[in-house]
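Chain by chain, the residues run as shown.
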Protein chains: 2
Amino acid sequence: MTSSSFILKGCIAFSEGSKSIVTYRGGYVVCVDGICKGAFSEFPKRYENLPLVDCKNQLIIPGMTDLHVHAPQYTFRGIGMDEELLEWLSKYTFPEEAKYSDLSYARKAYGYFAEDLRRCFTTRAVVFATLHNEATVELMDQLDKTGVITYVGKVNMDRNGGVGLEEESAEASLQATLEWLEQIQGKYTNTMPILTPRFIPSCSDELMKGLGKLSAEKGLRIQSHLSENQSEIAWVKELVPSSTSYANAYEIFDTMGTAELPTIMAHCVYSDEEEMAILKKHGAYIAHCADSNMNLASGIAPIRKFLDAGINIGLGTDVAAGSSMNMIKTMLISLQASKMYYRLVDADVKPLSFEEMFYLATMGGGSYFGKVGSFKDGYEFDAVVIDDSKMYSMRDMSVRERIERMVYNDADAFITDKYVKGNKIYSSAE
Amino acid sequence: MTSSSFILKGCIAFSEGSKSIVTYRGGYVVCVDGICKGAFSEFPKRYENLPLVDCKNQLIIPGMTDLHVHAPQYTFRGIGMDEELLEWLSKYTFPEEAKYSDLSYARKAYGYFAEDLRRCFTTRAVVFATLHNEATVELMDQLDKTGVITYVGKVNMDRNGGVGLEEESAEASLQATLEWLEQIQGKYTNTMPILTPRFIPSCSDELMKGLGKLSAEKGLRIQSHLSENQSEIAWVKELVPSSTSYANAYEIFDTMGTAELPTIMAHCVYSDEEEMAILKKHGAYIAHCADSNMNLASGIAPIRKFLDAGINIGLGTDVAAGSSMNMIKTMLISLQASKMYYRLVDADVKPLSFEEMFYLATMGGGSYFGKVGSFKDGYEFDAVVIDDSKMYSMRDMSVRERIERMVYNDADAFITDKYVKGNKIYSSAE
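Residues numbered from 1 in each chain as written. Chains lettered and ligands numbered in written order. Predicted model: local features only at pLDDT ≥ 70, side-chain atom pairs only at ≥ 80, totals over all residues. Heavy atoms only, no water.

### Remarks on the nonpolar core
- A:Phe113, A:Met331, A:Met406, B:Phe113, B:Met331 and B:Met406 are the most contacted members of the largest nonpolar core, which totals 270 residues.
- Those residues in contact with B:Met331 that sit more than four places away from it in its chain are B:Met64, B:Leu315, B:Phe354, B:Met357, B:Phe358, B:Ala361 and B:Val407. (Core = buried A, V, L, I, M, F, W, Y, C linked by side-chain atoms within 4.5 Å. Buried < 20%, exposed > 50% of the residue type's maximum accessible area, 1.4 Å probe, protein only. Contact = heavy atoms within 4.5 Å.)

Dropping the structure here:
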């Protein structure tokens, strides 16, 4: 047994599926060599030789997966929020990302991102960098050290990037991608590369096709954006006139992925039956980014429909259009969004239950990384220990009530310890 | 000059009207005997004898007004959020409020509420208690000591309250109200009574009429709820069949108030042209409670329409249907709500700008208390000093950008000092 074998005792909550949350008060969750051996209401005697960490009355939940976050946007989160997508990109985002040509700028800014990622509820993340190779390697170096498990993408964009944020040609962009992959080959424990065409308006047909080919050849996954905003969708239709939908445009370029190499598509606010069928057929993941979609007035994605259709789905903070990396705040806003979709758009599309939202934040997104996001036997041991004792109550709350309260009011939920694959990567006692 | 005369130096932001925010970096704001003498970019020499408090690079903004909050619901905030209004009231709220017949229970629970109110961005609040006189006086005793300026209402409800939360008759409810008013007569510096018929489903016609009469006779203001949820509205139509609208029902009972004694109506999610005309005619205030309205899937109030129509409006947290007393979180959710109303309901109703939302949280609601919510000359000096230095950035942000960032990401904005009428009522250094 290595040092990543132990038992945590405390108030445990986790999903086994989307419909219910399993809870134990004063329960036990077992980690052996970084793998969860299950959660138990009684002390599991067969593991009695393992060290026991008594978390007392604290909450113990699986770590969360952030399926969509832009690292270089982190330090300007929360401003420019009166704009919509395309204006926000050109006024705020692209000029900021252009600064990452400067490695010393990137080193400092990514330091803020990496440290805050280490401290938040997220144990797995799928990250956009910028188009700059040096800065992207710097980000990967820093993220690898945090212990959070990540996919990171050097961004591809050979058109419409504006001053200082455009690669010279499809060929140059593909060449830079190959160089980046070579540079990081075998370098990391926790960090993996992912191909990252920003979105179709940023990538020529030739570049898209090249990335689709590269994905298949090298066995690399892809992440991008899909159907976030109506102006964007109209633009894509102009740019790829032969496509029957935005999702079909990705399909045309062989970038929609496969069940083995699933593509992540952020947003899908306006994805209709055709797009849903395409996403499902390819085993793609939807990164639902409700905070971002509200902030940029994009709209609300019909996640109940996606769930019911059996499409893979998880949550994304989408910093900086989302203004926080806090996944429990993202859960709250996603719950409110699903309630408003039901109330304002379609009364036949019921809001997500709290159970379903907790599932999305943990197992839903986690499944992109394999057996991740639950305390079921055999899952990788990602866990967050939370002190909510400053949130005074007059009643003896159940564990289920306490995790709901934490999500609806994140202000008084403090992370004490965070584990990834059984390794403690953050402690408030540091 | 008393001790409540001083100058604060720092990064100042305040509204003068709804369309713009005045900011000074390294500016000065002057308080003389609890009254603001204005904000200045240069040191105001005529006040050179006043003590200067250098808040360095911290933000200094006016205190905020919470126009609608339920004190007895505070300690169960954040649970039961998968329900809609009427179910939530009967399953969670009414059973909880019934417990306030026990004074020792109330004392402890109101202690949590009062202390957290003292520590948050709110400097003025309009508060629902329960129907219990003793507990309501206990709440007022505690609130008076905090220094936050409040209106507090003993709740009237003589029907549909369920077990333990219903007064025996209209007469008994009115009699209890008179006794309550007598008990607190002349007792407080910071706390004032307000008549509080819960909402029409809770109050018989006779009780409503009696409260309308009492308001006029004693010069007392009224607060209640209006048009929050469609099932509620249908119920009111049954209960007051002669009314042309829910607002008209309040009008029939003379409880809609006057410009001198403005009534506060929480919610107004479904207020149409007729209700808007009634609210405006009476000089009533709308307490916009977006967090609550999303949580209970009630809908989104068209606050742009209310603003444009010149109806008085401010923000309410509506704890516990709203899950936090944090006004800057309420601002964020209200901004997101106004963006979704625009996107999903009516594209002719533009989202509120950040400037407009800041105005609502400060001056909009503050005007209910008189000259409150601004640093204009002559305003009562309510201020919050905020340390946002832990929110690292790569750019030299303007004061305007910093307050927007604080609202979109409240996690890293820490209150250092809070002043009400020039008295410091909270300091993080305590």
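### Examining unusual backbone geometry
All names here are of chain A.
- Look at the link from valine 319 to alanine 320: it is a cis peptide, with omega at 10°.
- Along the chain, the position of alanine 320 falls in the loop between β14 (312–315) and α11 (327–345).
- Look at lysine 56: it is not a glycine, yet its phi comes out positive at around 55°.
- For lysine 56, the position within the fold is in strand β4 (residues 52–62). (Helix = DSSP H or I, 4+ residues; strand = E, 2+ residues; numbered from the N terminus.)

### Notes on the sheet that holds strand β17 (residues 423–427) of chain A
All names here are of chain A.
- Strand order in the open sheet formed by 7 strands is β3-β2-β1-β4-β15-β16-β17, and the pairing between neighbours is mixed. Sheet topology places β3 (35–40) and β17 at the edges, where each strand pairs with a single neighbour. Neighbour-to-neighbour, the strand axes of this sheet turn through a mean angle of 35°, independent of strand direction.
- On the sheet, helix α13 (residues 399–408) packs against β1 (6–15), β2 (21–32), β4 and β15 (383–387) and is oriented at approximately 60° with respect to β4. (Pairing = 2+ DSSP bridges. Axes fitted to C-alpha atoms, helices over the stretch in contact; angles between N-to-C directions.)

### With respect to the UniProt feature "domain: Amidohydrolase-related" (unreviewed entry) in chain A
- UniProt marks residues 60–414 of chain A with the feature "domain: Amidohydrolase-related" (unreviewed entry), using the numbering shown here.
- A helix fraction of 44% and a strand fraction of 14% characterise residues 60–414 of chain A, whose end C-alpha atoms lie 12 Å from each other. (UniProt positions renumbered as here; feature names shortened; annotations may be inferred.)

### As for the packing of helix α11 (residues 327–345) of chain B against helix α13 (residues 399–408) of chain B
All names here are of chain B.
- The contact between α11 and α13 brings their axes to 7 Å, and the two run at 90°. Classified by the angle their axes make, α11 and α13 are roughly perpendicular. Judged by residue contacts, Ile328, Met331, Leu332, Leu335 and Lys339 of α11 engage Met406, Val407 and Tyr408 from α13.
- Per-class residue counts for the contact of α11 with α13 are 7 nonpolar, no polar and 1 charged. (Parallel < 35°, antiparallel > 145°, perpendicular 65-115°, else oblique. Nonpolar A, V, L, I, M, F, W, Y, C, P; charged D, E, K, R; others polar.)

### Some thoughts on the sheet that holds strand β12 (residues 264–267) of chain B
All names here are of chain B.
- Strand order in the open sheet formed by 4 strands is β11-β12-β13-β14, and the pairing between neighbours is parallel. Each edge of the sheet is formed by a strand with only one pairing partner; in this case those strands are β11 (223–226) and β14 (312–315). Within the sheet, the average angular offset between the axes of one strand and its neighbour, ignoring direction, is 30°.
- Against the sheet, helix α12 (residues 354–366) touches β13 (285–288) and β14, its axis set at about 110° to β14.

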